[in-house]
Amino acid sequence: QVQLVESGGGLVQAGGSLRLSCAASGRTLRNYNMGWFRQAPGKERLFVAVISWNDGSTYYGDSVKGRFTISRDNAKNTVYLQMSALKPEDTAVYYCAADVKRYSSAGYWGQGTQVTVSS
């Protein structure tokens, strides 16, 4: 079993930056693809980014390419999402996920952290 706890969300002005963190406990993340998803009010949960467990390769959703960066520290059992050039449409609850599959599902989810971008 894996427990995921996100932190780092908050209110930021458009054009600003935030870094989200996801700390895992219960099992090492070393063998899992790790990712971030987000869900805006009244909308479905959408894929944001994923980082592979074996070679650290990354993949991003089209709406965040060039602005967001996912990274991981296996020694600290932590995954990060650096968000830059934030836009109001980035406002959502951001969820950390472990064992991400096909950019649409995951075996484990965090509780989410709110990110609000004001215009």
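Above: the structure in question.
Now for a look at the structure at hand. From a predicted model like this one, the values you see are computed outputs, not experimental measurements.

### Describing the nonpolar core
- In terms of nonpolar packing, the biggest core is built from 29 residues, with Leu-4, Leu-29, Met-34, Trp-36, Leu-81, Met-83 and Tyr-94 touching the most fellow members.
- For this core, the secondary structure elements donating two or more residues are strand E3 (18-25), strand E4 (34-39), strand E5 (46-51), strand E7 (68-73), strand E8 (78-83), strand E9 (92-101) and strand E11 (113-118).
- The contacts of Leu-4, once residues within four sequence positions are left out, are Cys-22, Ala-23, Ala-24, Leu-29, Met-34, Cys-96, Ala-97, Ala-98, Tyr-108, Trp-109, Gly-110 and Gln-111.
- Counting 6 residues, the second-largest nonpolar core is a separate cluster that includes Val-50, Ala-97, Val-100 and Ala-106.

### Remarks on the pattern of salt bridges
- Counted according to the given criterion, the structure contains 4 salt bridges.
- The shortest N-O distance in the salt bridge between Asp-90 and Arg-38 comes to 2.9 Å. One end of the pair, Asp-90, is in the loop between E8 and E9; the other, Arg-38, is in strand E4, with 52 residues separating them in the sequence.
- Of the residues examined, Asp-90 reaches a relative accessible area of 0% and is grouped as buried.
- Put simply, Arg-67 and Asp-90 hold a salt bridge, and the shortest N to O gap is 2.7 Å. You can see Arg-67 sitting in the loop between strand E6 (58-60) and E7 and its partner Asp-90 sitting in the loop between E8 and E9, a full 23 residues away along the chain.

### Thoughts on the state of the cysteines
- All told, the structure shown has 1 disulfide when counted by the stated rule.
- With a sulfur-sulfur separation of 2.0 Å, Cys-22 is cross-linked through a disulfide to Cys-96. Residues Cys-22 and Cys-96 share a disulfide whose torsion about the S-S bond is about -80 degrees; that sign makes it left-handed. Here Cys-22 is found in strand E3, whereas its partner Cys-96 is found in strand E9, with 74 residues between them in sequence. Both residues of the pair, Cys-22 and Cys-96, belong to the buried class.

Cut-offs applied
- Residues numbered from 1 in each chain as written.
- Predicted model: local features only at pLDDT ≥ 70, side-chain atom pairs only at ≥ 80, totals over all residues.
- Heavy atoms only, no water.
- Core = buried A, V, L, I, M, F, W, Y, C linked by side-chain atoms within 4.5 Å.
- Buried < 20%, exposed > 50% of the residue type's maximum accessible area, 1.4 Å probe, protein only.
- Helix = DSSP H or I, 4+ residues; strand = E, 2+ residues; numbered from the N terminus.
- Contact = heavy atoms within 4.5 Å.
- Salt bridge = Lys/Arg side-chain N within 4 Å of Asp/Glu carboxyl O.
- Disulfide = S-S within 2.5 Å.

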